Amino acid sequence: MNVITDHLSEFGDGLLLTVGLTLLSLAGALVAGVVVAAMRVSPVRVLRAAGMVYVETLQNVPLLVWLVLAVFGLPEIGVMAGLFTSSVVVIALYQGAYTAEAVRSGINAVPVGQGEAARALGLTFPQSLRLVILPQALRTVVQPLGNIAIMTLMNTALAAAVGVVELTAAANRVNLAEARPIWIFVTAGLAYMALSGAIGLATGTLERKLAILR
Amino acid sequence: MGDRMIEVRGLHKRFGDHVALRDVDLDVARGEVVVVIGPSGSGKSTLCRCLNRLETPDAGEVRIDGAPLPAEGRALARLRADVGMVFQSFNLFQHRTVLDNLTLAPVRVRGLSRAEAEERARELLDRVGIGEQAGKLPAQLSGGQQQRAAIARALAMRPKALLFDEPTSALDPEMVGEVLDVMTGLARDGMTMVVVTHEMGFARQVADRVVFMADGEVVETGAPAAFFDSPASDRARDFLAKVLSH
Ligand SMILES: Nc1ncnc2c1ncn2[C@@H]1O[C@H](COP(=O)(O)OP(=O)(O)OP(=O)(O)O)[C@@H](O)[C@H]1O
Ligand SMILES: [Mg+2]
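I will try to describe carefully the structure that is included in this document. Not measured: the values here are computed from a predicted model.

**As for the overall build of chain A**
So, step 1. Each helix and strand in chain A was counted, giving 10 helices and 0 strands.
So, step 2. Traced from its N-terminal end to its C-terminal end, chain A shows the element sequence α-α-α-α-α-α-α-α-α-α.
So, step 3. If one aligns the C-alpha atoms of chain A with their principal axes, the spans along those axes are about 70 × 45 × 20 Å.
So, step 4. Within the span of chain A, comprising 214 residues, buried residues form 43% of the whole.

**Concerning empty space enclosed by the protein**
The probe, sized like a water molecule, is rolled over the atoms to show the empty space still left.
So, step 1. Here the structure, examined in full by the defined rule, presents 1 cavity of 30 Å³ or more.
So, step 2. In terms of lining residues, the largest cavity is bounded by A:Ala117, A:Ala120, A:Leu121, B:Gly84, B:Met85, B:Phe87, B:Arg153 and B:Ala154.
So, step 3. Elements that contribute at least two residues to the lining of the largest cavity include exactly α6 (112–120) of chain A together with β6 (83–86) and α5 (143–155) of chain B.
So, step 4. A per-class count over the lining of the largest cavity returns 6 nonpolar, 1 polar and 1 charged.

**Details of the site of ligand 1**
Residue and element names in this part refer to chain B.
So, step 1. Taken together, 13 residues lie around ligand 1, and Ser40, Gly41, Lys44, Ser45 and Thr46 are the ones closest in.
So, step 2. Thr46 is positioned such that a nitrogen or oxygen atom in its side chain is 2.5 Å from an oxygen atom of ligand 1.
So, step 3. When ligand 1 is considered free in solution it has 640 Å² of accessible area, and contact with the protein chains removes 61% of it.
So, step 4. Elements with a contribution of two residues or more to the shell around ligand 1: β2 (18–29) and α1 (44–50).
So, step 5. A per-element tally of the shell around ligand 1 places α1 first, with 3 residues.

**What about the sheet that holds strand β1 (residues 4–15) of chain B?**
All names here are of chain B.
So, step 1. Taken together, 4 strands build an open sheet; the order of strands is β2-β1-β4-β5 and the sheet is antiparallel. The strands lining the two open edges of the sheet, one partner per strand, are β2 and β5 (67–68).
So, step 2. Note that strand β4 (residues 59–64) and β5 share 2 bridges and pair antiparallel. In the sheet register, Arg63 faces β5, and the bridge partner there is Pro68.

**Concerning the interface of chain B and chain A**
So, step 1. Contacts between the two partners involve 26 residues from chain B, matched on the other side by 21 residues from chain A.
So, step 2. When the two sides are added together, the surface that chain B and chain A hide from each other amounts to roughly 2,000 Å², 64% of it contributed by carbon and sulfur.
So, step 3. Our enumeration of links across chain B and chain A arrives at 1 salt bridge.
So, step 4. In this structure, B:Arg49 and A:Glu116 form a salt bridge, with 2.8 Å as the shortest nitrogen-oxygen distance.
So, step 5. Scanning the region where chain B abuts chain A turns up 7 residue pairs in polar contact (both at pLDDT 80 or more).
So, step 6. Of all the secondary structure elements, the ones that give two or more residues to the side of chain B that touches chain A are α2 (73–80), β6, α3 (98–108) and α5 of chain B.
So, step 7. Grouping the amino acids of the side of chain B that touches chain A by side-chain chemistry returns 15 nonpolar, 5 polar and 6 charged.

**Some thoughts on the side chain of A:Thr18**
So, step 1. Here A:Thr18 lies in helix α2 (residues 8–41).
So, step 2. Here the side chain of A:Thr18 touches A:Leu167 through a polar contact of 2.9 Å, landing on its backbone nitrogen.

**Details of the layout of surface pockets**
So, step 1. By volume, the largest pocket is sized at about 640 Å³.
So, step 2. Taken together, 24 residues make up the lining of the largest pocket; nearest its centre are A:Pro43, A:Arg119, A:Phe125, B:Glu72 and B:Gly73.
So, step 3. Within the residue set of the lining of the largest pocket, elements represented by two or more residues are α2 and α7 (125–140) of chain A together with α2 of chain B.
So, step 4. For the second largest pocket, the calculated volume is near 350 Å³.
So, step 5. What lines the second largest pocket is a set of 17 residues, and nearest its centre among them are A:Leu30, A:Val142, A:Leu145, A:Gly146 and A:Leu206.
So, step 6. Counting residues per element, the ones that place at least two in the lining of the second largest pocket are α2, α7, α8 (142–155) and α10 (181–210) of chain A.
So, step 7. Its residues assigned to classes, the lining of the second largest pocket shows 13 nonpolar, 3 polar and 1 charged.

Criteria and cut-off values
- Residues numbered from 1 in each chain as written.
- Chains lettered and ligands numbered in written order.
- Predicted model: local features only at pLDDT ≥ 70, side-chain atom pairs only at ≥ 80, totals over all residues.
- Heavy atoms only, no water.
- Helix = DSSP H or I, 4+ residues; strand = E, 2+ residues; numbered from the N terminus.
- Buried < 20%, exposed > 50% of the residue type's maximum accessible area, 1.4 Å probe, protein only.
- 1 Å grid on protein atoms, 1.4 Å probe; cavity = no way out; pocket = protein on both sides within 12 Å on 5 of 7 lines; lining within 4 Å.
- Points joined across faces, edges and corners; volume = space filled by probe spheres on them.
- Nonpolar A, V, L, I, M, F, W, Y, C, P; charged D, E, K, R; others polar.
- Near = heavy atom within 4 Å.
- Polar contact = N/O pair within 3.5 Å; in protein donor to acceptor, adjacent residues only side chain to side chain.
- Areas by Shrake-Rupley, 256 points an atom, 1.4 Å probe, with all protein chains shown as cover.
- Pairing = 2+ DSSP bridges.
- Contact = heavy atoms within 4.5 Å.
- Buried area = accessible area lost by both parts, 1.4 Å probe.
- Salt bridge = Lys/Arg side-chain N within 4 Å of Asp/Glu carboxyl O.

Below you can see the structure in the form of structure tokens.
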């Protein structure tokens, strides 16, 4: 047990970074996802096409490749950003593609009559999307969004590969010093499980609170 | 200005190979109540939806109070705000209370303050007899109450005309009357209305004019008494024989 207690501060720091990466990436992914989903259902063809290209491009290249590309490629073209910031932005954009697909399925699940009633009242398309469609769409996709949140948490471990000392990287460092992989990585694994358990609980609560009476 | 609230000229609409509207002309005068009847698939809903461009016609023109309906964008939204629509399936916003259903568009489209919009909304809910239900969600109301709320929502925009597409067809029989009563009241108050319905009693008593459609065309139009008692066309006669025998 000493391997863990002796390195509590390293584990703590790593855990904090993991939580920070997850929360910031998720917030970004939600914004990107809603914007891209809105583009994909918009009446403007160029926006629809752009939204589709975004989703296809982001989803069809591994996250690790995007991370490496951003961390090593961006400085080449003169964009200087910290490792943490770069990782947050990349993970947010990547998970944003999945979020967009989930949100879009939610939009498609809203009865067409809702949008027609909104437009018949004189709301513009963006207004009816924002005030009528999206609030209902998001409520129906709480569960899939919760899964994306858990996937985001797991994917923050890839930031270790580009030098962010989050939980997995912290565990790795402790292991290099102590060579007790089972204790160390089981501890890290339990921490991830606890975090995803918390996300699951939050999702369940939100889903009950937001359910729409039909 | 003039006394024509709605003018339809040469309206065509096709869905793929199927022609839903064929060269339809229609005038609705200010304050007039026009009831549109006809067999299923004759294009009644399509006509109604073309009047506020929920359906885009392939040819022809629609004018509301003298102004041609713009093709899209903000200008279209502004004109739609002046033409209320009541749907068969109510289409109340499920995630908002009845009161919020009534205030949303007046605040967002007309720029009313929240307080003004709420005052107007409460008056209208009282007028359609569901003032007590203001704080409930649509799903907590009966069908008849939901449809009355939907009518109040349309009225909250102070529209120049109201379109109804089979407003009572989704209701249990005992709730049809309460909705027709509200509509009759509106007609008496001088609202310009286009009503697609199978309620022949309403057509006879409330309509100023009946428009009979078949196969995407306006086949016959006339005052209700004349139309129901002595239809001029065979198709109208056949149709009336079928619906009135029940
Ligand atoms: N969105 C659509 N796509 C394809 N065909 C359609 C669409 N809407 C209507 N139609 C067709 O156009 C024709 C006219 O339909 P419409 O709904 O206007 O008829 P209606 O007179 O309202 O009938 P009902 O009394 O059954 O409501 C029908 O043959 C229908 O199948
Ligand atoms: Mg119809």
